[in-house]
Amino acid sequence: MSISSFDRLLLQIDLFIRKFYRNQLIKGVIWFIGIFLFTFILITTLEYFGRFNTPVRAFLFFSFIGVNVFILLKYIVHPLLQLFSFGKRINRFQASEIIGKFFPTISDRLVNTLQLNADLSNQTGNIELLRASVQQRSENLSIFHFSDAIDVKENLKYVKWIAPIFLLLLFIAIVSPKLFTDGTKRVVQYNKEFIPEAPFDFIVSNFPSEIAEGSDLTIQLKLKGNELPSSVYIVTPQGKQLMSVTGRNSFSAVIPKIHEAGSFYFVANDFSSKEYHFSIIGTPSLGKFSIKLVFPKYLGKQNQTIDNVGDMLLPEGTIVKWSGVSKNTDQLQINIGNKQSTFISTGFKVSHQFFTTTPVQLFLQGNKPQFNDTIAFNVNVIKDEFPSIHVEELQDSIATSVRYFSGKITDDYGLTLKIYLQHHY
């Protein structure tokens with residue numbers, strides 16, 4: 001089925017519109033590649049030499065993303081959608097105006113033909129005559145190839161300024177690839193701290209990441225490299241201090257009495273090491289601890305309560321009642337001689353009556369075996385001795401019937417004495 005001259009004219013205009021957006025898409029791809037390469041070189045170079053802090057690196061990163069996403073959407077995605085008739089496109093009248101700039105001799109005729117065809121539906125006169133005029137005009141205009149108004153090869157001029165950028169990228173990648181790798185890594189990981197690389201290595205040996213609460217942390221450091229500093233400082237939560245020289249390229253320092261988690265790092269010749277973090281492990285220990293002493297009644301001594309963990313000297317038969325609270329302890333075991341008591345709660349109570357000297361041991365077990373603790377002491381017992389009586393009898397040298405008695409009665413805790421005398425003549 002043959003189509004009319006006017007329909008062929010419209011088909012040519014539609015082909016022009018599609019080529020128009022294809023050309024826009026090609027131009028957008030070239031622009032995107034050029035701007036992407038330029039911003040990549042710019043940002044990585046700035047970071048490589050500037051070594052910026054986190055906020056500046058975040059600004060560089062998101063600026064790079066923002067600029068390139070904007071170019072991608074505006075100059076690639078948008079023309080691509082319009083090429084496939086998504087979204088608002090130029091209409092045939094607008095396309096005719098663009099075509100008219102390339103073919104000035106037909107500019108007015110092309111627009112008038114479209115307008116005349118659009119007015120056919122509003123005419124009441126001789127419509128056939130008007131339709132014939134449209135077909136005649138269309139026949140005369142069909143000899144022009146409107147798509148020639150767009151020269152895709154003109155986009156090559158944009159490649160000319162991309163080429164130097166690409167060559168610069170290639171040159172840097174060959175001569176100094178670390179500019180791209182290091183710069184890119186620091187920009188992408190903008191929220192991470194990067195330490196300037198020193199010409200020597202900081203080597204920490206036998207560093208425990210978990211420290212017993214209240215203990216000292218001894219740090220041994222060795223330096224390895226060609227250009228070694230003569231002194232090294234360590235920066236801790238307690239401040240900055242000069243490390244002691246312990247040997248060739250060896251240094252040491254002590255962080256005393258650590259009670260909370262923290263970190264430290266080294267500084268030498270204006271270079272800093274990475275941070276070394278340590279955590280605190282609560283060591284098993286006794287908190288509140290009291291002892292109640294219940295003495296035998298015959299002693300007549302009042303009971304006592306003391307706060308003490310250590311050797312004791314007690315009268316025989318004394319009852320000792322321990323009570324207290326443990327800290328950072330999963331299990332507490334108390335051995336009194338052969339008697340063993342185990343507690344898994346923090347509070348504990350235990351009692352024992354002592355008749356002989358007895359060793360006492362407290363085993364405090366935490367969640368880290370290396371930090372377990374043992375407390376040992378003795379309960380020494382004073383034995384209750386039997387009373388002693390020593391009596392001497394003396395006879396009067398004149399009155400032989402008279403007897404004299406003298407004596408001594410002793411006991412370690414005293415006694416009650418009753419004397420009954422019976423005399424016979």
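Scroll up to find the structure this text is about.
These numbers come from a predicted model, not from an experiment.

The rules behind each value
- Residues numbered from 1 in each chain as written.
- Predicted model: local features only at pLDDT ≥ 70, side-chain atom pairs only at ≥ 80, totals over all residues.
- Heavy atoms only, no water.
- Helix = DSSP H or I, 4+ residues; strand = E, 2+ residues; numbered from the N terminus.
- Contact = heavy atoms within 4.5 Å.
- Areas by Shrake-Rupley, 256 points an atom, 1.4 Å probe, with all protein chains shown as cover.
- Pairing = 2+ DSSP bridges.
- Axes fitted to C-alpha atoms, helices over the stretch in contact; angles between N-to-C directions.
- Expected span 1.5 Å × (residues − 1).
- Buried < 20%, exposed > 50% of the residue type's maximum accessible area, 1.4 Å probe, protein only.
- Patch = residues over 30% accessible without salt bridge, like charges linked within 9 Å, V, L, I, M, F, W, Y side chains within 5 Å.
- Salt bridge = Lys/Arg side-chain N within 4 Å of Asp/Glu carboxyl O.
- Phe/Tyr/Trp six-rings, centres within 6.5 Å; stacked < 30°, edge-to-face > 60°.
- Lys NZ or Arg CZ within 6 Å of the ring centre and 35° of its normal.
- Parallel < 35°, antiparallel > 145°, perpendicular 65-115°, else oblique.
- Nonpolar A, V, L, I, M, F, W, Y, C, P; charged D, E, K, R; others polar.
- Bend = angle between axes of the 7 residues up to and from the residue.

A.B. asks: Mind showing me how you'd approach the overall build of the chain here?
C.D. replies: The helix and strand inventory of the chain stands at seven helices and 21 strands. For the chain, long-range pairs separated by at least 24 residues make up 63% of all intrachain contacts whose partners lie at least 6 apart in sequence. Put simply, the chain shows about 27,100 Å² of open surface, and 57% of that area lies on carbon and sulfur atoms.

A.B. asks: Please clarify how the sheet that holds strand S11 (residues 285-294) should be interpreted in this entry.
C.D. replies: Hydrogen bonds between backbone groups are what pair the strands of a sheet, and the pairing can be parallel or antiparallel. Judged by pairing direction, the sheet is antiparallel, and its four strands sit side by side in the order S12-S11-S14-S17 without closing on themselves. Two strands bound the open sheet, and with one partner strand each, they are strand S12 (304-306) and strand S17 (347-354). For this sheet, the mean angle separating the axes of adjacent strands, direction not counted, is 15 degrees. In this structure, S11 lies alongside S12, joined through three bridges in antiparallel fashion. Bridge assignment links Leu 293 to a residue of S12, and that residue is Gln 304.

A.B. asks: Hey, could you run me through helix H7 (residues 177-188) in this one?
C.D. replies: In an α-helix, one full turn covers 3.6 residues, which means residues spaced three or four apart are oriented alike. In this model H7 runs 17 Å from its N-terminal to its C-terminal C-alpha over 12 residues, within 8% of the 16 Å that 1.5 Å per residue would give. Among the residues of H7, those classed as buried are Leu 179, Phe 180, Asp 182, Gly 183, Arg 186 and Val 187.

A.B. asks: I tried to follow a nonpolar patch on the surface on my own but got confused; where do I start?
C.D. replies: Taken together, the side chains of Phe 166, Leu 167, Leu 168, Leu 170, Phe 171, Ile 174 and Val 175 make up a nonpolar region of the molecular surface, amounting to roughly 730 Å² of accessible area. Of note, Leu 170 is situated in helix H6 (residues 156-175).

A.B. asks: Help me understand the packing of aromatic side chains, please; the structure alone is not making it clear to me.
C.D. replies: When we look at a pair of aromatic rings, we describe it by the centre distance and by the angle of the planes. For the structure on display, the rule yields 19 aromatic pairs. Judged by centre distance (6.0 Å) and plane angle (10 degrees), the rings of Phe 202 and Phe 266 are stacked. A residue pair is termed long-range when its members are at least 10 positions apart, and Phe 202 in strand S1 (residues 200-205) and Phe 266 in strand S8 (residues 262-268) qualify at 64 residues. Neither residue differs from the other here; Phe 202 and Phe 266 are each classed as buried. Measuring from ring centre to ring centre gives 6.1 Å for Trp 322 and Phe 354, while their planes differ by 85 degrees; the resulting arrangement is edge-to-face. Pair noted here: Trp 322 is in strand S14 (residues 318-327) and Phe 354 is in strand S17, with a separation of 32 residues, a long-range link. Judged by its relative accessible area of 1%, Phe 354 falls in the buried class. Put simply, the rings of Phe 200, Phe 202, Phe 264, Phe 266, Phe 271, Tyr 276 and Phe 278 touch in pairs and so form one group of aromatic residues. Across from the ring centre of Tyr 75, 5.7 Å away, lies the NZ or CZ of Lys 74, which sits over that ring. The positively charged end of Lys 240 is found above the aromatic ring belonging to Tyr 233, 4.8 Å away from the centroid.

A.B. asks: It is not clear to me how the pattern of salt bridges should be interpreted in this structure. Could you clarify?
C.D. replies: Side chains that differ in charge, positive against negative, can pair when their charged atoms come close. Counted by the stated rule, this structure contains two salt bridges. Put simply, Glu 47 and Arg 186 hold a salt bridge, and the shortest N to O gap is 2.7 Å. Here Glu 47 is found in helix H1 (residues 5-50), whereas its partner Arg 186 is found in helix H7, with 139 residues between them in sequence. For Glu 47, a relative accessible area of 0% puts it in the buried group. A salt bridge links Lys 383 to Glu 316; the nearest nitrogen and oxygen atoms lie 3.2 Å apart.

A.B. asks: Sorry, what's going on with the pairing of strand S18 (residues 358-365) here?
C.D. replies: As a general feature of sheets, a regular strand has side chains that alternate between the two faces. Residues Thr 358, Val 360, Leu 362 and Leu 364 of S18 are buried on one face, while the alternating residues Pro 359, Gln 361, Phe 363 and Gln 365, pointing to the opposite face, are not. Bridge analysis of strand S15 (residues 331-336) against S18 gives six bridges, and the strand direction is antiparallel. Along S18, the bridge assignment pairs Gln 331 with Gln 365. Where S18 and strand S19 (residues 373-382) come together, seven bridges link them in antiparallel fashion. Bridge pairing in S19 places Phe 363 opposite Thr 374.

A.B. asks: What am I meant to see in the packing of H6 against H7 here?
C.D. replies: Packed helices, taken two at a time, are described by their axes: the angle between them and the distance between them. One can describe the packing of H6 onto H7 by two numbers: an axis separation of 4 Å at closest approach and a directional angle of 95 degrees. What the angle tells us is that H6 and H7 run roughly perpendicular. Each of Leu 169, Ile 172, Ala 173, Ile 174 and Val 175 in H6 lies in contact with H7, whose residues at this interface are Pro 177, Leu 179 and Phe 180. Residue classes in the contact of H6 with H7 are distributed as eight nonpolar, no polar and no charged.

A.B. asks: For this particular structure, what's the right way to read the pairing of S1?
C.D. replies: Taking every second residue as pointing to the same face, the buried face of S1 carries Phe 200, Phe 202 and Val 204, while none of Asp 201, Ile 203 and Ser 205 on the other face is buried. Sheet topology note: the S1/strand S3 (residues 217-225) ladder contains six bridges and is antiparallel. Looking at the pairing, Phe 202 lines up with Leu 223 of S3.

A.B. asks: Mind showing me how you'd approach H6 here?
C.D. replies: Taking 1.5 Å per residue as the helical rise, H6 with its 20 residues ought to reach 28 Å, and the 29 Å between its terminal C-alpha atoms agrees with that figure. At Ile 162, H6 is bent by approximately 30 degrees, the largest bend along its length, and proline Pro 164 sits one to four residues beyond. Within H6 the residues assigned to the buried category are Tyr 158, Ile 162, Ile 165, Leu 169 and Ile 172.

A.B. asks: Please explain unusual backbone geometry as it appears in this structure.
C.D. replies: Glycine aside, a negative phi is what most residues show, and trans is what most peptide bonds show. The phi angle at Arg 51 is positive, at roughly 45 degrees, despite the residue not being glycine. With respect to the helices and strands, Arg 51 occurs in the loop between H1 and helix H2 (54-83).

A.B. asks: It is not clear to me how the sheet that holds strand S7 (residues 250-255) should be interpreted in this structure. Could you clarify?
C.D. replies: Read from one edge to the other, the open sheet built from four strands follows the order S1-S3-S7-S6, with strand pairing classed as antiparallel. The open sheet has two edge strands with one neighbour each: S1 and strand S6 (244-247). Strand-to-strand, the axes of this sheet are offset by a mean angle of 35 degrees, without reference to chain direction. Across six bridges, the pairing between S3 and S7 is antiparallel. The partner of Lys 222 across the bridge, within S7, is Ser 250.

That is the geometry; function is a separate question.
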